[in-house]
Amino acid sequence: MKTRFAPSPTGHLHIGGARTALFNWLLARNQNGVFVLRIEDTDALRSEERFTEDILASIKWLGLDYDGEPVFQSQRNHIHKTYVDKLLKSGGAYYCHCSPQRIEELRARALEAKDKPRYDGHCRELGLGPAPGAVIRFKKPSSGTTSWVDLIKGPITIDNDELDDLVLVKADGLATYNMAVVADDASMEITHVIRGDDHVNNTPRQILLYEALGLSIPQFGHVPMILGEDKKRLSKRHGATSVLAYREMGYLPQALVNYLARLGWSHGDQEIFSLPEMVSAFNLQSVGKSAAVFNKNKLDWLNSHYIKETPVPQLAALLKPFLSARDALPPNEEALEKIVLTVRERGKTLEEMAQKAAFYYTKDLVLNPTAAKKLLGESGRKSLSSLKEALKEIPNTHEDFDKILDELAKEHGIKKGELAQPLRLALTGETASPGLYDILVILGADECSKRIDAALKYQE
RNA sequence: GUCCCCAUCGUCUAGCCUGGUCCAGGACGCCGGCCUUUCACGCCGAUAACACCGGUUCAAAUCCGGUUGGGGACGCCA
C-alpha cells in the first residue's frame, strides 16, 4: 500500500494542499503503508525552487514525514517517454500536426456553439510522424463509458464521448500532466491516489491511459475543496492561505493539523486528536463528500486548547521570537516562563500572547490615551498615590494584596476597581491585563514605583 | 453552455448504507448567567438545521425521481 502527495512548486503550500497531504499521510500510516512526496515541477516557467523549499518546510512543520527522498517529476521525462513509446507502438497514440492556432479556433467555435471544447481528431487517422512543433495525442476509445468507485465519492461514471484525444507530449518534448502522473504513479507503484476534488475530471482520462498501457489501476479518492466564508474556493482574498503564514501568525502545528483533519473528516463526536490518535482512527469512509468552509474561530479554539496543553518551558521557547519581534524580551528564561504563565489563557495565538505580554519588558510604556483620560483624573491620581505608598514593598501573597486594596478602598470610601484600574493602567498601559498581583511580582517594587510615577506625571 | 460532483443548526459535523430508538446528537461561534479588581480562563444555560416538490412505505433526515442552489472540470498548467 503506497500513497503520495504530489504538489507542484508554483506557490506556497496552502491549506487545501496541506489537508490533501495530511489525508495521504494518515491513510498510509494507518495502513502501515508507504507515503512518498513527488514534486511536480515540469512547468519550468512557473516552478520555483523556493516553493519546493516552502512545501518541504511546511510538511515538516506540520509534523508529517515522508518515506525516502522527494522525487522530482522533471527528472523523470525519460520514464514518461517509455510509456509514450509503448502507446505509439501499440497504436494507442499518434502524432498531431495541428497548430495551436487551429486548436484555439476549434475551442472558440465550440464555446460559441455553447458546446464543450474538444479536439476534433483531425490528425487521428493520418498516420503522421514526428515533426517540429508536433505533439503526441492519446487515441481514446470512441465509445463506451469509464467508471471507478471513488474511495470518497463512491461510484462515478463518465461517457467516453465527453473526452477528447488529449495531448500526451507537448511540442517541447515534455509529457503533459496526465501522462506524467500516470507514468509516475505506475512506475512508483502508487496504490492509492488521494487528491483534490478538482482532479475528478482527470481521473477518467488517466484510467483510460492505464487501460491502454495494460497497467493495473490504482484506487482513487477525491477530497472535497475547502471554501472561504463566502463559500467560494479559498484564495488569497480570504486572508492567509499558506501553511507557513499560520506559523507566523502564532498557530501551533498540532492545532492546524487537528483542524484540517476535522474539516471533512470525523470520528464520532471527537474533536481533539493527537497525531497518533488520528492515525489509528483515520479512514477514508469517514471523509465527507461535500466542500467545507474554513472557519477561523474553530481553528482559534483549537489553538487555545493546544497552547494550554503545551508545557510552559516549551511554550516559552515558542513565544520567544514573537516577544523579540516586539522588542520586549525578558532578561532570562525564568522571567520568560513567569510571564508565559500569565498570558497563556489570554491569547488565542502566540502572536496574541506576545501582544498581551509586551508591556512587561517593553522599553517605553505608552498609556492608552482614552483610558488615561478616564482613569487619571483627580480621584485616579489619589488612588495611585496611596497605592504607591502601600506598594513600596510587594505583598507576599495574593491575599495580602487583596487586603491592601480592601483597606484602601474602605479608607477612601471607594470601590476596589477604582484603585485597581488606575494601577492597571499605570503598570500595563491598558485597562485589560493579566492579574494585578502577578504583574506586581514580575515587575518588582522598583519598576512598579517608576511606572506609577510616570502615570502620575501623565499629561494629555 | 456541456459534463461530473455535492446538499443536516451561522460554521465543522454525527445520524443516512442496514427506514421506526431523531419533534435530529456533538463541537465552534453568537446570546444570557455565574466567577471576578480588568481582560481572559473555567462552569452553567439558551437560540439554532434535515434546501424544495413528488413517489415508495403502516412509518423517511434516512430509499427513488425531479426541481432549485452550490462547487468543480472543460489547456501543448499542474
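The structure this text deals with has already been given above.
All of these numbers come straight from a predicted model, not from anything done at the bench.

## Considering the pairing of strand β9 (residues 192-196)
Each regular strand displays side chains that alternate between the two surfaces of the sheet. Taking burial as the measure, the 5 residues of β9 include 5 buried ones, the bulk of the element. Pairing geometry for β9 and strand β10 (residues 219-223), over 5 bridges, is parallel. Bridge pairing links Val193 to Phe220 in β10. Each parallel crossover has a hand, and for β9 linked through helix α6 (residues 202-213) to β10 it is right-handed.

## Some thoughts on unusual backbone geometry
Backbone geometry places Asn32, a non-glycine residue, at a positive phi of 60 degrees. Inspection of the secondary structure assignment puts Asn32 in the loop between α1 (15-30) and β2 (34-39). The backbone of Lys231 shows a phi angle near 65 degrees, a positive value even though the residue is not glycine. In this structure, Lys231 sits in the loop between β11 (226-227) and α7 (243-248). Of the residues examined, Lys231 reaches a relative accessible area of 61% and is grouped as exposed.

## Details of the packing of helix α5 (residues 177-187) against α6
Two elements in contact, α5 and α6, have axes separated by 10 Å at closest approach and are oriented at 55 degrees. Considered as vectors, α5 and α6 are oriented oblique to each other. Regarding α5 and α6, the two cross each other, and that crossing is right-handed. Between α5 and α6, the contacting residues are Tyr177, Asn178, Met179, Val181, Val182, Asp185 and Ala186 on the first element and Asn202, Arg205, Gln206, Leu209, Tyr210 and Leu213 on the second. Per-class residue counts for the contact of α5 with α6 are 8 nonpolar, 3 polar and 2 charged.

## Things to note about the sheet that holds strand β5 (residues 135-138)
Read from one edge to the other, the open sheet built from 3 strands follows the order β4-β5-β8, with strand pairing classed as antiparallel. Strand pairing shows two members of the sheet lacking a second neighbour, β4 (93-96) and β8 (167-169), which therefore form its edges. Ignoring which end each strand starts from, the neighbouring axes of this sheet average 45 degrees apart.

## What about the protein's contact with RNA strand B?
For RNA strand B, the set of nearby residues contains 64 residues, the closest of which are Lys114, Lys170, Glu345, Arg346 and Arg424. Taking all atoms of RNA strand B within 4 Å of the protein, the share assigned to sugar and phosphate is 72%. A distance of 3.1 Å is found between a sugar or linking oxygen of RNA strand B and a backbone nitrogen or oxygen belonging to Pro117. One of the side-chain nitrogen or oxygen atoms of Arg346 is found 2.4 Å away from a base nitrogen of RNA strand B. Those elements giving two or more residues to the surface near RNA strand B turn out to be α4 (100-112), β7 (154-159), α6, β12 (292-293), α10 (296-309), α16 (398-412) and α17 (416-428).

## Observations concerning helix α2 (residues 49-62)
A rise of 1.5 Å per residue sets the reference length of α2, with its 14 residues, at 20 Å; its end C-alpha atoms lie 20 Å apart and thus fit the reference within 8%. Residues Phe51, Thr52, Asp54, Ile55, Ser58, Ile59, Trp61 and Leu62 constitute the buried set of α2. Positive phi appears at Gly63, one or two residues downstream of α2, with a value of about 90 degrees.

## Things to note about the packing of aromatic side chains
Under the definition given, this model contains 8 aromatic pairs. Note on Tyr259 and Phe294: the rings are 5.2 Å apart at their centroids and 85 degrees apart in plane angle, and the pair reads as edge-to-face. On the criterion of sequence distance, the pair formed by Tyr259 in helix α8 (residues 253-262) and Phe294 in the loop between β12 and α10 is long-range, its members being 35 residues apart. Side by side, Tyr259 and Phe294 carry an identical accessibility label, which is buried.

## Details of the side chain of Thr241
Its place among the elements puts Thr241 in the loop between β11 and α7. Given a relative accessible area of 13%, Thr241 falls into the buried group. Residue contacts for Thr241: discarding those within four places in its chain leaves Leu13, His14, Ile15, Leu234, Ser235, Lys236 and Tyr246.

## What to know about the layout of surface pockets
Its boundaries defined by the atoms lining it, the largest pocket holds a volume of some 1,200 Å³. Along its surface, the largest pocket is lined by 41 residues, and Pro7, Ser8, His14, Asp198 and His199 are the ones closest to its centre. In terms of residue class, the lining of the largest pocket is made up of 14 nonpolar, 17 polar and 10 charged. Lining the second largest pocket are 24 residues, and of these Ile103, Arg107, Tyr119, Arg137 and Asp164 lie nearest its centre.

## A few points about the side chain of His80
By the element assignment, His80 lies in helix α3 (residues 77-90). His80 sits in the buried class, given a relative accessible area of 1%. Polar side-chain contacts of His80 include one of 3.0 Å to the side chain of Asp184.

## Things to note about the nonpolar core
Counting residues in each nonpolar core, the largest one holds 96 residues, and the members touching the most others are Leu22, Phe23, Leu256, Trp265, Phe294, Leu423 and Leu427. Excluding anything up to four places from it in sequence, Trp265 contacts Phe23, Phe273, Met278, Ala281, Phe282, Asn283, Ser286 and Val287. Counting 30 residues, the second largest nonpolar core, distinct from the first, contains Val36, Ile136, Leu166 and Tyr210.

What counts, and where the lines are drawn
- Residues numbered from 1 in each chain as written.
- Chains lettered and ligands numbered in written order.
- Predicted model: local features only at pLDDT ≥ 70, side-chain atom pairs only at ≥ 80, totals over all residues.
- Heavy atoms only, no water.
- Buried < 20%, exposed > 50% of the residue type's maximum accessible area, 1.4 Å probe, protein only.
- Helix = DSSP H or I, 4+ residues; strand = E, 2+ residues; numbered from the N terminus.
- Pairing = 2+ DSSP bridges.
- Right-handed = clockwise from strand over helix to strand, strands pointing away.
- Axes fitted to C-alpha atoms, helices over the stretch in contact; angles between N-to-C directions.
- Parallel < 35°, antiparallel > 145°, perpendicular 65-115°, else oblique.
- Left-handed = near helix turned anticlockwise from the far one by under 90°.
- Contact = heavy atoms within 4.5 Å.
- Nonpolar A, V, L, I, M, F, W, Y, C, P; charged D, E, K, R; others polar.
- Near = heavy atom within 4 Å.
- Polar contact = N/O pair within 3.5 Å; in protein donor to acceptor, adjacent residues only side chain to side chain.
- Expected span 1.5 Å × (residues − 1).
- Phe/Tyr/Trp six-rings, centres within 6.5 Å; stacked < 30°, edge-to-face > 60°.
- 1 Å grid on protein atoms, 1.4 Å probe; cavity = no way out; pocket = protein on both sides within 12 Å on 5 of 7 lines; lining within 4 Å.
- Points joined across faces, edges and corners; volume = space filled by probe spheres on them.
- Core = buried A, V, L, I, M, F, W, Y, C linked by side-chain atoms within 4.5 Å.

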